[in-house]
Amino acid sequence: MGLVHSIDTFSTLDGPGIRTVIFLQGCPLRCRYCQNPDTWSKTSGSAREYPVAELMKIIRRGIPYFQASGGGVTVSGGEPLLQAEFVAELFTACQAEHISTAIDTSLYVATSKVERVLPVTDLFLADIKHMEPQKSRKLTGLANQLNIANLCFLSQHNARLWIRYVVVPGLTDDPQDVTAMAELVKTLDNAERIELLPYHALGAHKWDLLGLNYTLHQTQPPTSQQMNDLAHLVRSITGKPVFWQ
Ligand code: SF4
């Protein structure tokens, strides 16, 4: 059984094509910009347990859209790799029906969990939160050693990989920090592209509803000019396609 926060049956933002996205409950991080703090707890009352067979019934409804658009299924969260065994079972069922699989992950988990899903995952959408361990801790609550180790693990196994990096003014937008991120990605032969995600405060109201202290009320989103400049910087270092949305 998987503990599911919610399901989006028509997403175009979580991997190639049109995708059914399964948001799994539970996350080890506490990112200061998190849009989904209601996914953090592993025991949330609003989450629901699903067996693989029930999720497959929902997923199958999307097959015509997957086939027309090159889409498939993405598991997100929260941190889906906290439920790696369930994800592996779900993806095995998807691949048996030729449905493409992707996982949206922070990679702040034990490498054994990444290893468990590796054979049945067609694409990893992997975050780099911050390259500097202390700044990672300040941003997410945890240092970044597992993230870096798992990126290298995926590279060694030639897993298909897209990188995601959230640009937060004052926290992750220093060109030196962005350069360090790009220098790492340059070494990852399997990283196909980089998505720079501009910070926004759309999830702030959820923090307030949950009685949590949102610390970025005063932070403004990066400007288009800044995003273009950072995209140019990352492209020039990595030589890889860079997108921002
Ligand atoms: S990893 Fe994702 S779900 Fe977890 S705290 Fe960070 S932004 Fe939120």
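These numbers were taken from a predicted model, which means no experiment stands behind them.

## Side note on the sheet that holds strand β7 (residues 161-167)
Here nine strands make up an open sheet; going across it, the order is β3-β1-β2-β4-β5-β6-β7-β8-β9 and the pairing mixed. Looking at which strands have only one partner, the edges of the open sheet turn out to be β3 (48-50) and β9 (242-244). Geometrically, the sheet is characterised by an average inter-axis angle of 30 degrees between neighbouring strands, direction not taken into account. The sheet contact formed by strand β1 (residues 2-11) and strand β2 (residues 19-24) spans five bridges and is antiparallel. By the bridge assignment, S11 is partnered in β2 with R19. Of the strands in this sheet, β1, β2, β3 and β4 (72-76) touch helix α1 (residues 52-60), which is tilted by about 150 degrees from β2. Set on the sheet, helix α3 (residues 84-96) makes contact with β1, β4 and β5 (100-105); between it and β5 the angle comes to about 155 degrees.

## Topic: the environment of A68
Positionally, A68 belongs in helix α2 (residues 63-69). Each C-alpha atom of the pair A68 and I18 lies 8.5 Å from the other, and the pair is 50 residues apart in sequence.

## Things to note about helix α9 (residues 224-238)
In this model, α9 (15 residues) spans 21 Å end to end at C-alpha, consistent with the 21 Å of a helix rising 1.5 Å per residue. Along α9, the residues classified as buried are L230, V234 and T238. Each buried residue of α9 sits inside an arc of 55 degrees when the element is viewed along its axis, so together they form one side. Away from its buried face by more than 90 degrees, α9 exposes S224, Q225, H232 and S236. Close packing links the buried residues of α9 with β7, α7 (175-187), β8 (191-198) and β9. Taken from the residues just after α9, G239 is the one with a positive phi, measuring 70 degrees.

Quick notes on the rules
Residues numbered from 1 in each chain as written. Predicted model: local features only at pLDDT ≥ 70, side-chain atom pairs only at ≥ 80, totals over all residues. Pairing = 2+ DSSP bridges. Helix = DSSP H or I, 4+ residues; strand = E, 2+ residues; numbered from the N terminus. Axes fitted to C-alpha atoms, helices over the stretch in contact; angles between N-to-C directions. Contact = placed C-beta atoms within 7 Å. Expected span 1.5 Å × (residues − 1). Buried ≥ 20, exposed ≤ 12 C-beta atoms within 10 Å, placed from the backbone. Arc of directions from axis to C-beta.

Shape is all these values report; function is a separate question.
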